[in-house]
Amino acid sequence: MNLIETKFRLARRMSQLGTEGAFEVLARAKRLEAEGRDIIHLEIGEPDFPTASHIIDSAARAMRAGWTHYAPSAGLPELRQAVAEDAGKRRGISIDPSEVVITPGAKPVFFFAMLALVEPGDEVLYPNPGFPIYESMIRFLGAQPVSYALREENDFDVSAAAILQKLTPRTRLVILNSPQNPTGGVMASSEMAALAAGLADRDEVFVFSDEIYHRLIYEGEHTSLARFPALRDRVIILDGFSKIYAMTGWRLGYGVMHPELAEQVIRLMINSNSCTATFTQIAGVEALRGDQSSVDAMLEEFRRRRKVIVEGLNQIPGFRCAQPHGAFYAFPNITGVGIGSRELADALLNEAGVACLPGTAFGEWGEGYLRFSFANSVENIRKAVDRIKTWVGKNAGGASG
Ligand SMILES: Cc1ncc(COP(=O)(O)O)c(C=O)c1O
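Residues numbered from 1 in each chain as written. Predicted model: local features only at pLDDT ≥ 70, side-chain atom pairs only at ≥ 80, totals over all residues. Heavy atoms only, no water.

1. Overview of helix 10 (residues 293–314)
Point 1. The end-to-end C-alpha distance of helix 10, which contains 22 residues, comes to 32 Å, matching closely the 32 Å that a straight helix rising 1.5 Å per residue would cover.
Point 2. Three or more residues of helix 10 are buried, namely Val-295, Met-298, Leu-299, Glu-301, Phe-302, Arg-305, Arg-306, Val-308, Ile-309, Val-310, Gly-312 and Leu-313.
Point 3. Next to the buried residues of helix 10 lie strand 9 (329–330), strand 12 (370–373) and helix 12 (378–395). (Helix = DSSP H or I, 4+ residues; strand = E, 2+ residues; numbered from the N terminus. Expected span 1.5 Å × (residues − 1). Buried < 20%, exposed > 50% of the residue type's maximum accessible area, 1.4 Å probe, protein only. Contact = heavy atoms within 4.5 Å.)

Listed below in structure tokens is the structure:
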């Protein structure tokens, strides 16, 4: 549909704005449930654990104590300080609170950084398959999307060479996401070093480093591109509380960026949200400074589920599933089933009662893959695998393992 031709005569830019498949599939799954169908949810990317009670208590106390008014648009000084300490310590860098902007969820960090930096016609490099909001925002701003591929044969690692060879004089921004949604790939620190070296003398190129899954990593350690001194001023880190502290519905995230850019993002906050909810920010300080055992326990549970889902999916004829190294997504290759990604995802939802996402919800190079979130119980994951196996057995006679 051409949005500008609807009776509301929407602004032309709206025809460029994309969406996120996970929310669409969730809505369809909920409709089926309302009709009485039993659906196993492996589509949405949010931890199924409750937020830790010490964080909830802190928010409740904050509300009673009167933290119910506007806060500074940049975020409460206490939380900016706590983020600077925690984010710096975890990345081995020193961060000043003036580099930190607190936002309602992490997504606005991307929205605002793009608005502040990218002009129509600028080229922006982004991962494909990748988080769909990247391409959506690039197009929305009239910039030129230039994708770089993440390949199963490279264990879905990002290759510095694949990025560097796509740089042109018009490149303005490179988007990185490690650990990665949807593949679970983690960028090797040697590749980051190569990328940092390749970008060292390209002063006008910024890097947007989406590190929202940085503590959900199963082997080795997270490296941030911000560790490389030549790029320190030009790296914008996105991070937040949604995935690590199971706080998706609280809407609490942050960006770390050069103070001059932070000033511009704060102006965008003033023009849009005014500030992030105040009592939520108090709870954020508690999340960062308080007991971390719930984060450790969640990671261990995800590790257990990763094994169950990868082994289970690999037993389905036509499926081949690599081990994700981070985040909580399995991204099996399903080309052996002989059915396209979207058609298969639709059939699994409608006929097998398993909600998952087609790889194409993350870009055209996601064809031939499905994404399963393992933010669900081991019991439900096993049940989902059984349902898929039964469906494939009945409907994809040509499947080869
Ligand atoms: C790669 C990536 N970045 C950012 C976000 C957004 O996080 P938030 O819910 O805090 O806005 C998500 C959430 O799905 C994500 O997968």
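Alright, that's what it looks like, and here's the rest.
2. Points about the domain arrangement of the protein
Point 1. Each assigned domain of the protein is listed here: domain 1 (12–50 + 293–394) and domain 2 (69–289).
Point 2. Computed over C-alpha atoms, the centres of domain 1 and domain 2 are 25 Å apart.
Point 3. When the two sides are added together, the surface that domain 1 and domain 2 hide from each other amounts to roughly 3,300 Å², 57% of it contributed by carbon and sulfur.
Point 4. Of all residues in domain 1, the largest losses of buried area upon contact with domain 2 belong to His-325, Phe-362 and Trp-365, amounting jointly to 22% of the total for that side.
Point 5. Glu-219 is the salt-bridge partner of Arg-306, the closest N and O atoms lying 3.0 Å from each other.
Point 6. Viewed at the interface, domain 2 and domain 1 are joined by 21 residue pairs in polar contact (both at pLDDT 80 or more).
Point 7. Taken together, the residues of the side of domain 1 that touches domain 2 break down into 20 nonpolar, 9 polar and 8 charged. (Domains from an automatic or database assignment. Buried area = accessible area lost by both parts, 1.4 Å probe. Salt bridge = Lys/Arg side-chain N within 4 Å of Asp/Glu carboxyl O. Polar contact = N/O pair within 3.5 Å; in protein donor to acceptor, adjacent residues only side chain to side chain. Nonpolar A, V, L, I, M, F, W, Y, C, P; charged D, E, K, R; others polar.)

3. Quick word on the sheet that holds strand 12
Point 1. Strand order in the open sheet made by the 3 strands is 9-12-11, with antiparallel pairing throughout. Both edges of this open sheet fall to strand 9 and strand 11 (357–358), since each of them pairs with a single strand only.
Point 2. Pairing analysis gives 2 bridges linking strand 11 to strand 12, with the strands arranged antiparallel. In the sheet register, Pro-358 faces strand 12, and the bridge partner there is Leu-370. (Pairing = 2+ DSSP bridges.)

4. Structural notes on the pairing of strand 3 (residues 123–128)
Point 1. Along strand 3, 6 of the 6 residues are buried, which leaves the element largely enclosed by surrounding structure.
Point 2. The alternating pattern of strand 3 places Glu-123, Leu-125 and Pro-127 on one face and Val-124, Tyr-126 and Asn-128 on the opposite face, and all of these are buried.
Point 3. Strand direction decides the pairing type here: strand 3 and strand 4 (residues 144–149), joined by 6 bridges, are parallel. Opposite Val-124, over in strand 4, you have Pro-145 as the bridge partner.
Point 4. Crossover connection from strand 3 via helix 5 (residues 132–140) to parallel strand 4: handedness right-handed.
Point 5. By the bridge criterion, 3 bridges tie strand 3 to strand 5 (residues 171–177) in an arrangement that is parallel. Bridged to Glu-123 within strand 5 is Thr-171. (Right-handed = clockwise from strand over helix to strand, strands pointing away.)

5. Here we look at the sheet that holds strand 8 (residues 253–256)
Strand pairing in a sheet relies on backbone hydrogen bonds. The paired strands run either parallel or antiparallel.
Point 1. The strand order 2-8-7-6-5-3-4 describes an open sheet built from 7 strands, whose pairing is mixed. Of all the strands in the sheet, the pair left with one neighbour each is strand 2 (100–103) and strand 4. Here the strands of the sheet are splayed against their neighbours by 20 degrees on average, with no regard to which way each runs.
Point 2. Taken together, the 4 bridges between strand 7 (residues 235–240) and strand 8 define a ladder with antiparallel strand orientation. What sits directly across from Leu-238, in strand 8, is Gly-255. (Axes fitted to C-alpha atoms, helices over the stretch in contact; angles between N-to-C directions.)

6. Focus on the site of the ligand
Point 1. Close to the ligand lie 13 residues; Asp-210, Tyr-213, Ser-242, Lys-243 and Arg-251 are nearest.
Point 2. At a separation of 2.9 Å, an oxygen atom of the ligand approaches a polar backbone atom of Ala-106.
Point 3. The side chain of Arg-251 places a nitrogen or oxygen atom 2.8 Å from an oxygen atom of the ligand.
Point 4. With the chains in place, 93% of the 400 Å² that the ligand exposes on its own is no longer accessible.
Point 5. In the shell around the ligand, the residues fall into 5 nonpolar, 4 polar and 4 charged. (Near = heavy atom within 4 Å. Areas by Shrake-Rupley, 256 points an atom, 1.4 Å probe, with all protein chains shown as cover.)

7. Considerations on the nonpolar core
Point 1. Counting residues in each nonpolar core, the largest one holds 75 residues, and the members touching the most others are Leu-313, Phe-319 and Phe-372.
Point 2. Each of domain 1 (12–50 + 293–394) and domain 2 (69–289) contributes no fewer than three residues to this core.
Point 3. Discounting chain neighbours no more than four positions away, the residues touching Leu-313 are Phe-319, Cys-321, Ala-330, Pro-332, Phe-372, Val-385 and Ile-388.
Point 4. Grouped together as the second largest cluster of nonpolar side chains are 55 residues, Tyr-148, Leu-199, Val-205 and Ala-226 included. (Core = buried A, V, L, I, M, F, W, Y, C linked by side-chain atoms within 4.5 Å.)

8. Here we look at the side chain of Thr-183
Point 1. Its location among the elements puts Thr-183 in the loop between strand 5 and helix 7 (189–199).
Point 2. Accessibility expressed as a relative area gives 4% for Thr-183, which makes it buried.
Point 3. Separated by 2.6 Å, the side chains of Thr-183 and Gln-180 make a polar contact.
Point 4. Side-chain polar atoms of Thr-183 contact the backbone nitrogen of Gly-185, separated by 3.0 Å.
Point 5. Apart from residues no more than four positions distant in its own chain, Thr-183 is found in contact with Pro-129, Phe-156, Pro-324, Tyr-329 and Phe-331.

9. Topic: helix 5
Point 1. Among the 9 residues in helix 5, 7 count as buried, and that is most of the element.
Point 2. Among all positions in helix 5, only Pro-132, Ile-133, Tyr-134, Ser-136, Met-137, Ile-138 and Phe-140 are buried.
Point 3. Tucked inside the fold, the buried residues of helix 5 contact helix 4 (107–117), strand 3, strand 4, strand 5 and strand 6 (206–210).
Point 4. Following helix 5 by one or two positions, Gly-142 adopts a phi angle in the positive range, close to 75 degrees.

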